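Structure assessment
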Amino acid sequence: MLDTTAFDLRRYIQGNNHSLGVWITLIALIVFGLLRYENFGGSYNISSFLNYNAMFIVIAVGMCFVIMTGGIDLSVGSVAAFTSVVAAYLSPYGIQVALPGAVAAGLAIGAINAFFVVVMRIPPFIATLATMLGAKGGALVISGAQTISIDWSSNFTKLGLEKAFGILPWTIVITALVVFGLWVLLEKTSLGRTVLAIGGGEDASIMMGLNVTRAKVLVYVLSGGCAGMAGLFLASGFGAGQPLEGIGWELSAIASVVVGGTLLTGGMGSITATVAGALLLGLVFNILNFENGRGVISLSAYWQMVIRGAFLFVVIVFQSRVASSAQKGAI
Amino acid sequence: MTMQNKPVTSASEPTAFKFEWSMISRHGGVVALIAILLFNILITPNFLHPQTLFVNISQVATIAIVAVGMTLVIATGGIDLSVGAIMALSGALAPLIFTSPFAEANPELGLALSIVVPILVALACGVFNGALVSLLNVQPIVATLIFFISGRGIALVLTNGNLQTFTNPAFSYLGTGKILGFPFQGYLVLIIAACVWWVMAFTVFGRQLLAVGGNERAAELSGVPVKRVKIGAYVICAGLSGLAGLIVVAINSASDAARIGNLMELDAIAAAVVGGTLLQGGRAPIFGAILGAVIIQLVKYTLLANGVADEVALIAKAGIIVLAVYVQQARKE
Amino acid sequence: MQHLIEMSGIKKSFAGVVALQNASLHIEPGEVHAIIGQNGAGKSTLIKILTGVYRRDAGEVKINGNPSTVSTPREAQDAGIATIYQELSLVPLRSVTENVMMGYEPRTRLGTIDWKTAHARTREILERFGIHIDVRAQLGSYSTAIQQLVAIARAVSLNAQLVIMDEATSSLDDQEIEILFGVVRELKKEGVAVLYISHFLDELYQICDRVTIMRDGQTVGQRVIAETTKLGLISEMLGRDPEEIEAAGMTGLGGETTEPGRPLFEAKDISTKRGLKSVSLTLREGEIVGLGGLLGSGRTETARALFGMDTLRSGGIQNHVVGGNIRTPAEAISAGIGFLTEDRKREGIVPHMSVRENMTLALLPKLKKMGRVDRKRETELVERFITSLGIKTSGMEQPIRELSGGNQQKVLLARWLALEPDVLILDEPTRGVDVGAKFEIQSIIREYVDKGLGVVLISSEFEELVEGADRIIVLRDGYSITELENPGITEESLIAAIAHHHDEGARG
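It should be emphasised that the depicted structure is a prediction, and the values quoted were computed from it without experimental measurement.

It is worth spelling out the overall build of chain B at this point. The helix and strand inventory of chain B stands at 16 helices and four strands. Here the C-alpha atoms of chain B give a radius of gyration of 20 Å, agreeing with the 20 Å that 2.2 N^0.38 yields for 333 residues. Counting only C-alpha atoms, chain B reaches 65 × 60 × 35 Å along its principal axes. Within chain B, the proportion of its 333 residues that are buried is 54%. Within chain B, contacts between residues at least 6 apart in sequence are counted, and of these 76% link residues at least 24 apart.

Let us look at the overall build of chain A. When you go through chain A residue by residue, the secondary structure sums to 14 helices and four strands. The burial tally for chain A puts 55% of its 331 residues in the buried class. Contacts in chain A between residues far apart in sequence, at least 24 positions, make up 77% of those at least 6 positions apart.

A few words on unusual backbone geometry. Only a minority of non-glycine residues have a phi that is not negative, and only a minority of peptide bonds are not trans. In this structure, B:L263 takes a positive phi of about 65° despite not being glycine. In this fold, B:L263 is placed in the loop between β4 (254–255) and α14 (264–274).

For the rest of this paragraph, the subject is the nonpolar core. One finds A:I59, B:A67, B:L145, B:I321 and C:I425 to be the most contacted residues of the largest nonpolar core, which totals 372 residues. The biggest single contributor to this core is helix α13 (residues 226–252) of chain B, with 17 residues. Not counting residues within four places of it along the chain, the set of residues in contact with C:I425 comprises C:A303, C:L306, C:F307, C:I337, C:G338, C:F339, C:L340 and C:V456.

Before going further, it helps to spend a moment on the UniProt feature "transmembrane region" (unreviewed entry) in chain A. All names here are of chain A. Summarizing the sequence annotation, UniProt attributes the feature "transmembrane region" (unreviewed entry) to residues 20–37, 49–67, 97–118, 125–145, 165–186, 217–240, 271–289 and 301–318 in the numbering used throughout. Along residues 49–67 one finds 100% helix and 0% strand; the C-alpha atoms at either end are 26 Å apart. Secondary structure over residues 271–289 splits into 100% helix and 0% strand, and the C-alpha atoms at its two ends are 28 Å apart.

Time to look at the environment of B:N252. Mapped onto the fold, B:N252 is located in helix α13. Given 18 C-beta atoms within a 10 Å radius, B:N252 is considered partly exposed.

Now for the packing of helix α4 (residues 76–90) of chain A against helix α5 (residues 95–119) of chain A. All names here are of chain A. Here α4 crosses α5 at 150°, and the two axes come no closer than 8 Å. The angle between the axes of α4 and α5 places the two elements in the roughly antiparallel class. Here the hand of the crossing between α4 and α5 comes out right-handed. Two secondary-structure elements touch here, α4 through V79, F82, T83, V86, A87 and L90 and α5 through V97, A98, G101, A102, A105, G106 and I109. Residue composition of the contact of α4 with α5, by class: ten nonpolar, three polar and no charged.

Facing the 35 residues of chain B at the interface are 38 residues of chain A. Broken down by secondary-structure element, the contributors of at least two residues to the side of chain B that touches chain A are α8 (140–159), α14 and α16 (310–332) of chain B. Among the residues making up the side of chain B that touches chain A, the classes are represented as 25 nonpolar, seven polar and three charged.

Attention shifts here to the sheet that holds strand β8 (residues 193–197) of chain C. Residues and elements named next belong to chain C. Within the open sheet, the six strands sit side by side as β6-β7-β8-β3-β9-β10. Their pairing is mixed. Across the chains shown, the open sheet's two edge strands, defined by having one partner strand only, are β6 (81–84) and β10 (218–224). Mean inter-strand twist for the sheet, computed between neighbouring axes without regard to direction, equals 20°. Sitting on the sheet, helix α1 (residues 43–50) is in contact with β3 (32–36), β6, β7 (162–166), β8 and β9 (210–215), with an inclination near 150° to β7. Each of β3, β7 and β8 is contacted by helix α6 (residues 174–189), which is oriented at about 145° to β8, the strand it contacts most.

Right, let's talk about the pairing of β3(C) for a bit. Residue and element names in this part refer to chain C. Most of β3 is tucked away: five of the five residues are buried. Side-chain alternation along β3 places V32, A34 and I36 on one buried face and H33 and I35 on a second face that is also buried. Relative to β9, β3 runs parallel, the two being bridged by four bridges. Its bridge partner being in β9, I36 is matched across the sheet by I213.

Inspection of the secondary structure puts A:N211 in the loop between α10 (202–207) and α11 (212–238). As a C-alpha pair, A:N211 and A:I198 span 13 residues in sequence and 9.6 Å in three-dimensional space. Beyond its immediate sequence surroundings of up to four residues, A:N211 is in contact with A:T194 and C:R74.

Note: predicted coordinates in regions of low pLDDT should not be interpreted at a detailed level. Looking at chain A as a whole, the pLDDT averages 83, with 89% of positions reaching at least 70. Here residues 325–331 of chain A is a poorly scored stretch, pLDDT under 50, and it has six contacts once near neighbours within four places are set aside; other chains count.

Moving on to the packing of α4(A) against α11(A). Residues and elements named next belong to chain A. The interhelical angle for the contact between α4 and α11, taken along N-to-C directions, is 55°, at an axis separation of 7 Å. Here α11 runs oblique to α4, going by the angle between their axes. The chirality of how α4 crosses α11 is right-handed. Taking contact as the criterion, the partners of V76, V79, A80, A81, F82, T83, S84, A87 and A88 in α4 are, on α11, S223, G224, A227, G228, A230, G231, L232, L234 and A235.

Further remarks concern the pairing of β8(C). Residue and element names in this part refer to chain C. Within β8, five of the five residues are buried, which leaves the element mostly enclosed by the surrounding structure. By the bridge criterion, four bridges tie β3 to β8 in an arrangement that is parallel. Across the sheet, residue A34 finds its bridge partner in β8, namely Y196. Two strands pair when backbone bridges link them, and β7 and β8 are joined in this way by five bridges, in the parallel orientation. Counterpart to V163 in the pairing with β8 is V194.

All names here are of chain C. If you check helix α5 (residues 144–157), its first and last C-alpha atoms are 20 Å apart, about what 14 residues at 1.5 Å a residue would give, namely 20 Å. With eleven of 14 residues buried, α5 lies mostly within the body of the structure. Every buried residue of α5 is listed here: A145, I146, Q148, L149, V150, A151, I152, A153, R154, A155 and V156. N159 lies just past α5 and shows a positive phi near 55°.

Residues and elements named next belong to chain B. Its 16 residues give helix α3 (residues 28–43) an end-to-end C-alpha distance of 22 Å, which sits within 8% of 22 Å, the value for a rise of 1.5 Å per residue. Taken together, the buried positions of α3 are occupied by G29, V30 and A32. Taken end-on, α3 shows its buried residues confined to a sector of 160°, consistent with a single buried face. What points out from α3, more than 90 degrees from its buried face, is the exposed set A35, L38, I41 and L42.

Here we take up the environment of C:T117. All names here are of chain C. Of note, T117 is situated in helix α4 (residues 115–128). Take T117: there are 14 C-beta atoms within 10 Å of it, and that puts it in the partly exposed class. In the structure, T117 is positioned eleven residues away from P106 in sequence and 6.8 Å away in space, judged by C-alpha atoms.

Residues and elements named next belong to chain B. Taken residue by residue, chain B gives an average pLDDT of 83. The fraction at 70 or more is 90%. Ranking the elements of chain B by mean pLDDT puts helix α1 (residues 6–9) last, at 36, and α13 first, at 94. Segment residues 1–24 is flagged for pLDDT under 50; beyond a separation of four residues in sequence, or across chains, it makes 26 contacts in the model. The ipTM for the predicted assembly is 0.79, set against a pTM of 0.78.

The rules behind each value
Residues numbered from 1 in each chain as written. Chains lettered and ligands numbered in written order. Predicted model: local features only at pLDDT ≥ 70, side-chain atom pairs only at ≥ 80, totals over all residues. Helix = DSSP H or I, 4+ residues; strand = E, 2+ residues; numbered from the N terminus. Rg over C-alpha atoms; globule rule 2.2 N^0.38 Å. Buried ≥ 20, exposed ≤ 12 C-beta atoms within 10 Å, placed from the backbone. Contact = placed C-beta atoms within 7 Å. Core = buried A, V, L, I, M, F, W, Y, C linked by C-beta atoms within 7 Å. UniProt positions renumbered as here; feature names shortened; annotations may be inferred. Axes fitted to C-alpha atoms, helices over the stretch in contact; angles between N-to-C directions. Parallel < 35°, antiparallel > 145°, perpendicular 65-115°, else oblique. Left-handed = near helix turned anticlockwise from the far one by under 90°. Nonpolar A, V, L, I, M, F, W, Y, C, P; charged D, E, K, R; others polar. Pairing = 2+ DSSP bridges. pLDDT = per-residue confidence, 0-100. Expected span 1.5 Å × (residues − 1). Arc of directions from axis to C-beta.

Structure (structure tokens):
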């Protein structure tokens, strides 16, 4: 009577199928690209694709942590814009100053979010909306609403141009390290598990004696730090601090996280699938470029917004079916 | 519930205020409004000039209209991020229609279509949002994210990203017309707000909407058509956004799909929250939302008129939002 | 002898409302101690003060003779106090292992979580209770009973000196309760004290050593359980004379059984996805049909099917009064069926709304006059029900959340009675309601039944069923297995019917 299940394959798939869709679609798109376009699998395309999308991946991963607690961080785009300006101002002192500087700026804004949410108990949606506006204003104030060119003579330029150990651009290497570090944090540490537990039930987590406050502060600070890192990449990728950039990034990041199968209500989530989600959304644009390159059709860049939206729609419909069936199983 | 809106409309008697903390927090919006007005009368040059009033009315109108729709959606416990994109869509469609050869040939019909069709399209977007939320149980943020991303994309594709300028006095009346010297859209806001307030206070739909936001399960088990009510809220919100898009285009006599309604979702949410709407749902202070929109507009105006940069105004807006919600939160505990 | 826990003179109030005044509690090492009291007596508040969820306003707490410094649940756990709450204490989305180990995970040498050991240790603890499940699976994919036992497993794994069980058995069946009692006795043998909170007095006599009785935020007595009688405990709990209680009868549901009228509906062999296999029942005007059975036997599921919440897989419901197929609650309501749900907070009240708005929520379509709510009729109706049901409220515009549980329940009852339904399904109508209001609610129901209302009654309290129901359909595992008819049903015969078929089922 009590030993109902030793191991149930259906249950296993049900537990993981939230992120199944994103992997299948991603692989399908890659195969499609490889078969259809000659240079799709070329090292130039791969490297520039990853280089450009690094900032979106980093932001999405940070966002994933916030969402797993059942929160949300709308400030990431503005924070990236802000720290790109910070990075550009610090670029004359070299990457060894600009990198910690930009990340620290991001962490600081993340700490403000954490203060609003944890101490002042303002709903995350509103709190981060406010810091979004604040950070945007801050970016415009310190830059005088101008793009701030980086110092081309310093080693800051190496970040996007030079390859680490002659293989991949530094941007990609750093991104990979960040992703790996956060994966370990989530999967292998008590703190990471607490993050998931909070999303699954905040009151229950408190009752279990988990340090909920610490974990909640962590996720907002972390997300801010990730956005700070993205701002650094932004400055290096465009050769300038971009106070006007970052609009709508938070929503792309949320889209990546959701496409990756993380529940917006929190409690379940995956770092790897979030990365896949970000790659998937980026790939849509990449493939669109290739398709235009063939000269048969010519879709303007605006189409990518439409297609991304359509993509999100398909994934959401797919997920909602999965979620509703899983829910029925659970209750 | 809706009764609580009454003090908002009777803001004309500041002497009646006893300065207790509970009063201030309950009527925080009104207090803030009075403070801003006093500040401006004393400091800002030409604040009492009618021109100032007109400028502010025409600017606040679109925020207020969208905020009313947003209030309904939030009252169901949802949120609508797509309002700005829907504004862009309807704002891009209108000039396309009345500058088409068909409309040039039939100006009256063309004008009518250029107002009706964009709003119908907006309503359809609302049906889509509502259907995703209520039929597929998609979380509102995600569901409306779809149009947030692709709605503006569609508008840009339709116009090829071009700025459409036009001269069409009849259409521009929406944005520049005056009745008794006051801007037309000011009246529009009041009419819309009054209608929606009436619906929320006195109709079955309004009651059911608040019940859905207050406790969805309970509402469903009491026979409330939850899905229909939710779709209704999103449809109304989208329709109002469509209208707001038309007004923006009419004011400027130009339509730029990339800019119409940009960040409007944030302004509308902020206005609703400042006006006392609970994010958890269950309350819909319509006039509160108008008040919220006015406060946000006035703060922006105050700072600009006093030579404070646009950027700093953003930070101020952030401060207002945090403060409003914090007060709301504190009152609850 | 030194007390393990010594709480004395505890005071606590919330926003001016006194929850505890001069409450005390003494627990010896290794004893099984019960706290009893009505809802609102302050049991939960007292425990939450002990476990650091709330801060006391005044009083003293000592653990092992030393003043307690516990101010968070975590510190309570570290001080050797593990708590199993009725709800809220687990995370269903996470795995079984995580729920048992969370916060105390075994580490590898690198400082990361050692999942292999964690899974193995969890499996080991659960097997001690005789539970063999996949510990990697989501906790939420298991039944409530297993989740409850997992919570207990967590408490045990923390090497606690005191395990607090707050209504731990409310969702367990007999067999699972036996397992739980086994665990309690095991803990006792190991010198671990257990603080046991339960509404089921019979359970206390089975496993408890001593009992603390609370009333109105005060500790009114502490007894050795073997020296008490059930009636004595109840009278102390209620603050009334034992004779008085005996004379009044236990419930207000009993009454003259009138001749039942025409049939209202007939459900034949209905089954649903939710675990209803084959249930048949008929209901006639002016009768109460009880659904008997243990939790999970299909009582609530039957109600859900009748109310159109779950689609029928097979079988059919013939509705004699209105007819037609019922697929949604809205259709059920227009067919003359009402459903007072078990979970008042989640499925009943709309907290922001007033008494008036809550009461007329289901009635809105009938109050509609050209889209508008007919305010005049609404007000009259609400006034009438407030008076006739004796709802204690400062006025119909008072938000329902400010009312006591019993009065909230009356408002919800009025919500359905206002519809003048033919059929009313009542799922645990008196749960979480104090004794006075309970009696009143039962009397109201009886009054309406005498006027022709048909009631389907679900109750975990056997005495409510036995006294109230004209017939009882006994359910087990989603099947209706037998039918008992009043007069003639006793608590013993009902229990026997459930148990008898239980044994039979186990053999077959």
